[in-house]
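Summary of the model geometry
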Amino acid sequence: MKNYIIHRMLMMIPLMLLISFIAFLLLNLVPSNPAEVALRVGNIVPTDEAIALMQQELGLDKPFLIRYFHWLWQILHLDFGRSFIFRTPVLTEILNALPATLYLAAATFILSLVISFSIAFLCVLTRNTWVDKVIRCITFTLMALPNYWLGLLLIWVFAVYFDLFPVSGMLSFNSVLLPAITLSFVYIGTYLRLMRGAMLNQLQQPYVFYARARGLPESRIILKHVLPNALHTTLVSIGLSIPSLIAGTVVIENIFAWPGIGRLCVAAILGRDYPMIQAYILLIALLFLVFNFLIDLLQLKLNPSLRRH
Amino acid sequence: MRLNVFIWLAIPLLVISLFVKADLRDNQLDYASTKDIADINPHLYLGEMAAQNMVFESLVTNAVDGSIKPHLAKSWQVLDEGKRYRFNLRQDVSFNDGEKFNAQAVKLNMDAVLANKARHAWMGLVNEIESVNVIDDYTVEVNLFHPYYPTLTELALTRPFRFISPKAFINGLTQNGITSNAGTGPWILKDYKKNQYATFVINPHYWGEKPKLAAVIWHVIPDRQTMLMALQKGDIQLIFGADGDMVDMDSYENLANTGRFTTLMSSPIASRTIVLNSKRPITSDVKVRQALSYAVDKEAIASGILNDSETVADTLMARSVPYSDVSVKTYTYNPEIARKLLDDAGWRLPSGKQIREKDGCELRLVFSYDTNNAVEKDISELLQNDFKQIGIALDIIGEEKQTYRDRQKTGDFDLQYSLSWGKPYDPASFIASFRFSGHADYQAQLGLPDKKEIDNTIGKILTSTDIQKRQQLYQWLFTRLADEAIYIPLTYSRTKVIYSQDLKGVDFNVSQYEIPFEKMYFKR
């Protein structure tokens, strides 16, 4: 087990190196001159002298590989460079924005879990009746809607018409609910499908027949016996959705004026803020690798038979 | 069973409703912008001009009638035939950190700007200032290398010649940041949360008339639709269409029709034009450029897309802009003349085809625009249809800002938009930019045989002391550009404002980039 963990952790290093190289390479292939971009985003007229000075300042006059290794060396010292747009260290900007995204992602995750489990429970209780069919139909329809459109629709109904929430920003606790609800729709559908399937599968197991034979009510059987067992099988998919949840806040953060890394990323892409884009790619890649690893560990913990392989 | 369903659905709604609270504020204006105020150091270009204008002031101001009014300088004299400007400063002004505003503060600020000349290359005045001398505590002189006629106009602009407390300088400079946003203006930046909001409160020691509002809260809402809904809900009370394109006309009219908001439009302020690249194979022919000019149905753009919110433009600058009331060739919508010009240029329409050809080559043009702009896509599509009527295929490319600018800089376009900067930048600062390679105007004019003479003339205009001579030079410049059909003037844009009916005193500054918050108040 220990060897496995060390092996997996060591494997992350070449993977991250590969990702960092691809990120650096791709952004260097973009036709815009980063020196000129850096000047333009600062509203400075990119005269030839100013471009030459900025190229020197950014080290763009050096060969590609030297620049890459220099960048990598800086990253190892937690220096991701300075943002072209904000003129501040990239790491500071990301660390300032990350809590807002994590807060939104956590709210979305909890909301998705609570709602999808509740609906799954309801669907299983009423399985194959019209209630089950209608709930699933509505859920999957909502899941298929583009979330920017859904976000605007929810703002209109719940913030403007019913005046229940602020339209945008992160000023009070209830500001997180609308963006979290919007984001959660995609995950509610996914989790519902997984949970419902897993619970129905569990309902075929002998222990359920035994529980029924004992005269336990159906709802209690599902809540107390079926649900915990179904959770084990859905845990992997749910865990893997966490990094994509963090990476997927981009559009919603813009619509709800949420000051997280998603908005930072959009501003960076539109302004060609290369140091910021590169750092964002690395961060998201790292999140996916770490969560993959953690979920694998969790699976090993829950299913001892896997350890033998 | 039904009860169970009801309970499961009701619980989340109950939880949600627990967190609902009212949003009450007192005499505070909530304004929303798609952009953060960012670093408002007025000696740099990172921050929003409207916010910079609230905190930092200039020696003089530009009036609507084109005249220059006193501000931090109560009077001035122009000496040595325009090479020396002596300013007599107000003596009752302090920066909001307690530092006195005097001649020394003016010199330190102007020297700090001049120490960073490369950043202000767009502005002629920065390159013309030889020195700034303190005469006495409240008299300061600005010495120029040559007489430069827009001196006072450029000193009044929002940046860079605005005054920061010398206490806030870092090592005597401002180019690497400032330690505080201490200005002399009517507002103080009290609270700021990046990408979220900024709170401006009244400067209690302001030398002039104090604002009536207790505070202005600048909310950052990047999505335009969300911003409109925030207004409808009452979370914000003002949307001020800086740049002329913050609000599209449909939303503007829809909100106006609800009867819950007041709408206001400035007088025509800047030119919305299409610039034609004289260095590209097809558009290098003046006949083709003229044909394109005749083919555009400007009335349809003004009424169909802009709902008559902008007036049709025949000349590059509106005639109300200084030095621009000149007689030049104009091109009114006439597809027949356009077709004839294309025939004369050798672009014929083969039978059975819809696109003209010459030497086996199709008459196909590239038109790129910035997707950030709310109306440019619609106008592009209308132009595409207009050009199709005379046998021209227009490939429209909507691009994000930087790609659009890259194309602009390399001249990789046949047509692009060119928005002038409006008053008080027009015409002097705008034509000055024709000489810089990063501008579409420069690239588009590059194919003209007398581009060098055009640039020299612009230089002469800016340093001419004789008004008559200056007018003649402007006449020559505008005539050349019109004869060569480098621009297709479309409309003169106007700044649009939508605000709560309780808000009063909403008005416009001369510059479309400034918002006169200090004049606004709520009806009690």
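Conventions adopted
- Residues numbered from 1 in each chain as written.
- Chains lettered and ligands numbered in written order.
- Predicted model: local features only at pLDDT ≥ 70, side-chain atom pairs only at ≥ 80, totals over all residues.
- Heavy atoms only, no water.
- Helix = DSSP H or I, 4+ residues; strand = E, 2+ residues; numbered from the N terminus.
- Rg over C-alpha atoms; globule rule 2.2 N^0.38 Å.
- Buried < 20%, exposed > 50% of the residue type's maximum accessible area, 1.4 Å probe, protein only.
- Contact = heavy atoms within 4.5 Å.
- Areas by Shrake-Rupley, 256 points an atom, 1.4 Å probe, with all protein chains shown as cover.
- Lys, Arg positive; Asp, Glu negative; His and termini not counted.
- Charge placed at Lys NZ, Arg CZ, Asp CG, Glu CD.
- Domains from an automatic or database assignment.
- Buried area = accessible area lost by both parts, 1.4 Å probe.
- Salt bridge = Lys/Arg side-chain N within 4 Å of Asp/Glu carboxyl O.
- Polar contact = N/O pair within 3.5 Å; in protein donor to acceptor, adjacent residues only side chain to side chain.
- Nonpolar A, V, L, I, M, F, W, Y, C, P; charged D, E, K, R; others polar.
- Disulfide = S-S within 2.5 Å.
- Core = buried A, V, L, I, M, F, W, Y, C linked by side-chain atoms within 4.5 Å.

Description of the overall build of chain B
Helices and strands together make up the secondary structure of chain B, namely 16 helices and 23 strands. The globule rule puts the C-alpha radius of gyration for 524 residues at 24 Å, and the 26 Å found for chain B is close to it. Taken along its principal axes, the extent of the C-alpha atoms in chain B is 95 × 75 × 40 Å. Split into buried and exposed, the 524 residues of chain B put 57% on the buried side. Nonlocal contacts in chain B, meaning residues at least 24 apart in sequence, comprise 69% of its contacts between residues at least 6 apart. Total accessible area computed for chain B in this model is approximately 21,100 Å², and 49% of it derives from carbon and sulfur atoms. Where the 60 positive side-chain charges of chain B centre and where its 65 negative ones centre are 1 Å apart.

Digging into the domain arrangement of chain B
Residues and elements named next belong to chain B. According to the domain assignment, chain B contains domain 1 (24-237 + 502-523) and domain 2 (268-494). Here the C-alpha centre of domain 2 lies 33 Å away from the C-alpha centre of domain 1. Each partner contributes residues to the interface: domain 1 has 20 residues there, and domain 2 has 20 residues. Between domain 1 and domain 2 the total buried area reaches about 1,700 Å² when both faces are included, carbon and sulfur atoms providing 62% of it. For the domain 1 face of the interface with domain 2, the top three residues by lost area are Trp-122, Tyr-149 and Gln-512, together amounting to 38%. Across the domain 1-domain 2 interface, the total number found is 0 salt bridges. Between domain 1 and domain 2 we count 4 residue pairs in polar contact (both at pLDDT 80 or more) in total. Taken together, the residues of the side of domain 1 that touches domain 2 break down into 10 nonpolar, 6 polar and 4 charged.

A word on the side chain of B:Arg480
Residues and elements named next belong to chain B. With respect to the helices and strands, Arg-480 occurs in helix α16 (residues 467-483). Given a relative accessible area of 17%, Arg-480 falls into the buried group. A polar contact of 2.5 Å, which involves the side chain of Arg-480, links it to the side chain of Asp-450.

So, helix α12 (residues 401-410) of chain B
Listing the buried residues of α12(B) in full gives B:Gln402, B:Tyr404, B:Arg405, B:Asp406, B:Arg407 and B:Gln408. Immediately downstream of α12(B), the backbone of B:Gly411 shows phi near 75°, a positive value.

Here's the deal with the state of the cysteines
All names here are of chain A. Enumeration over the complete set of coordinates arrives at 0 disulfides over all chains. In this model Cys-123 remains outside any disulfide bridge; the closest cysteine sulfur is found in Cys-137, 11 Å from its own. The class of Cys-123 is buried, set by a relative accessible area of 0%.

Side note on the nonpolar core
In this structure, A:Trp71, A:Ile94, A:Met195, A:Met199, A:Ile261, A:Leu264 and A:Met276 are the most contacted members of the largest nonpolar core, which totals 72 residues. Mapped onto the domain boundaries, this core takes at least three residues apiece from domain 1 (1-77) and domain 2 (97-258) of chain A. Beyond its immediate sequence surroundings of up to four residues, A:Ile94 is in contact with A:Ile261, A:Leu264, A:Met276, A:Ala279, A:Tyr280 and A:Leu283. Listed in part, the 71 residues of the second largest apolar core include B:Ala105, B:Leu157, B:Ala432 and B:Tyr492.

Notes on the pattern of salt bridges
As enumerated under the stated definition, the model contains 32 salt bridges over all chains in all. The closest approach of N and O atoms between A:Arg212 and A:Glu218, which form a salt bridge, is 2.9 Å. For A:Arg212, a relative accessible area of 30% translates into the label partly exposed. With a shortest N-O distance of 3.4 Å, B:Arg162 and B:Glu514 are connected by a salt bridge. In this pair, B:Arg162 sits in the loop between α5 (151-155) and β8 (187-193) while B:Glu514 sits in the loop between β22 (503-504) and β23 (521-522), placing the two residues 352 residues apart along the sequence. Residues B:Arg162 and B:Glu514 agree in their burial class; the two are buried.

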